[in-house]
Amino acid sequence: MTIFHKIIRREIPADIVFEDDHVIAFRDIAPQAPVHVLFVPKQDFATLNDVPAESPEIVGRLAVAAARYAREQGFAEDGYRIVMNCNSDGGQTVFQIHLHLLAGAPLGRFGTP
Ligand code: 5GP
């Protein structure tokens with residue numbers, strides 16, 4: 001069980017901004033941009049490697065929920081970045097898949113310090 005499962009089960013608090021039957025989204029505890037929200041499926045997958053080929057909708061639901069949130073919050077046109085880290089080289093630290101949504105300022109070119 002990860003910290004995100006505990007958030008899904010309301011065992012620890014989080015600033016939840018969206019939830020439906022499949023996805024929960026809450027603000028990152030250590031934001032890397034003015035807007036930093038994590039979109040997490042309720043179904044268990046430790047990493048992107050664990051999502052079966054026959055279940056691509058899991059990842060699609062995260063992306064569509066992030067885009068809808070961007071539209072609703074009014075920054076879709078200015079833009080945003082979505083990121084999913086995988087395993088150690090990707091910098092993943094919580095082993096329940098999640099999509100980072102970063103926005104609210106120009107983020108610079110991806111990969112530059
Ligand atoms: P990863 O490094 O696995 O891609 O992303 C994990 C993210 O979860 C990090 O950005 C980290 O700040 C965030 N995080 C870790 N623990 C908590 C927590 O207890 N609550 C919230 N809201 N975010 C967390």
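Just above, that's the structure.
Note on numbering: residues in each chain are counted from 1, in written sequence order. Under the rules for a predicted model, residues below a pLDDT of 70 receive no local features and side-chain atom pairs below 80 are neither given nor counted, while totals for whole chains, interfaces and linings still include all residues. Computation of side-chain values covers all heavy atoms of the structure but excludes hydrogens and water.

## Things to note about the sheet that holds strand S3 (residues 35-41)
One open sheet holds the five strands; their spatial order is S1-S2-S3-S5-S4, and the pairing between them is antiparallel. Across the chains shown, the open sheet's two edge strands, defined by having one partner strand only, are strand S1 (16-19) and strand S4 (80-83). The sheet shows a mean angle of 20 degrees between the axes of neighbouring strands, direction not considered. Where S4 lies against strand S5 (residues 99-103), four bridges are found, and the strand directions are antiparallel. The residue of S5 that forms the bridge with isoleucine 82 is leucine 101. Two strands make a pair as long as DSSP finds a minimum of two bridges between them. Only DSSP runs of H or I reaching four residues or more are called helices, and only runs of E reaching two or more are called strands; each is numbered from the N terminus. Axis lines are fitted through C-alpha atoms, for helices just across the contact stretch, and the angle between N-to-C directions can take any value from 0 to 180 degrees.

## Digging into the environment of tyrosine 69
Structurally, the position occupied by tyrosine 69 is in helix H2 (residues 57-73). According to the relative accessible area criterion, tyrosine 69 is buried, its value standing at 6%. Non-local contacts of tyrosine 69, meaning those with residues more than four positions away in its chain, are made with Val17, Arg27, Val35, Val37, Phe39, Phe75 and Leu101. Burial classes: relative accessible area under 20% of the type maximum marks a residue as buried, over 50% as exposed, and values in between as partly exposed (1.4 Å probe, protein chains only). Contacts are assigned to residue pairs that have any heavy atoms within 4.5 Å of one another.

## Describing the site of the ligand
Inspection of the region around the ligand gives 16 residues, with Arg27, Asp28, Asn85, Thr93 and His100 positioned closest. Within 3.5 Å is the distance limit for a polar contact, defined as a pair of N or O atoms, with the added protein rule that one can donate a hydrogen and the other accept it, and that residues adjacent in sequence qualify only through two side-chain atoms. Within the contact set of the ligand, an oxygen atom lies 2.5 Å away from a side-chain nitrogen or oxygen of aspartate 28. Histidine 100 places a side-chain nitrogen or oxygen 2.8 Å from an oxygen atom of the ligand. At the level of elements, helix H1 (3-8) and strand S2 (23-27) are the ones that each hand at least two residues to the shell around the ligand. Near, as used in this document, describes a residue that has one of its heavy atoms within 4 Å of the molecule or strand being considered.

## Details of the pattern of salt bridges
Put simply, a salt bridge is a Lys or Arg side-chain nitrogen that is within 4 Å of an Asp or Glu carboxyl oxygen. Under the definition given, this model contains four salt bridges. Between arginine 10 and glutamate 19 there is a salt bridge, and its shortest N-O distance comes to 2.6 Å. For arginine 10, a relative accessible area of 48% puts it in the partly exposed group. Under the relative-accessibility criterion, glutamate 19 is labelled partly exposed at 33%. The partner of arginine 27 in a salt bridge is aspartate 15, with the nearest N and O atoms 3.0 Å apart. Residue arginine 27 is found in strand S2, and its partner aspartate 15 is found in the loop between H1 and S1; the two are separated by twelve residues along the sequence.

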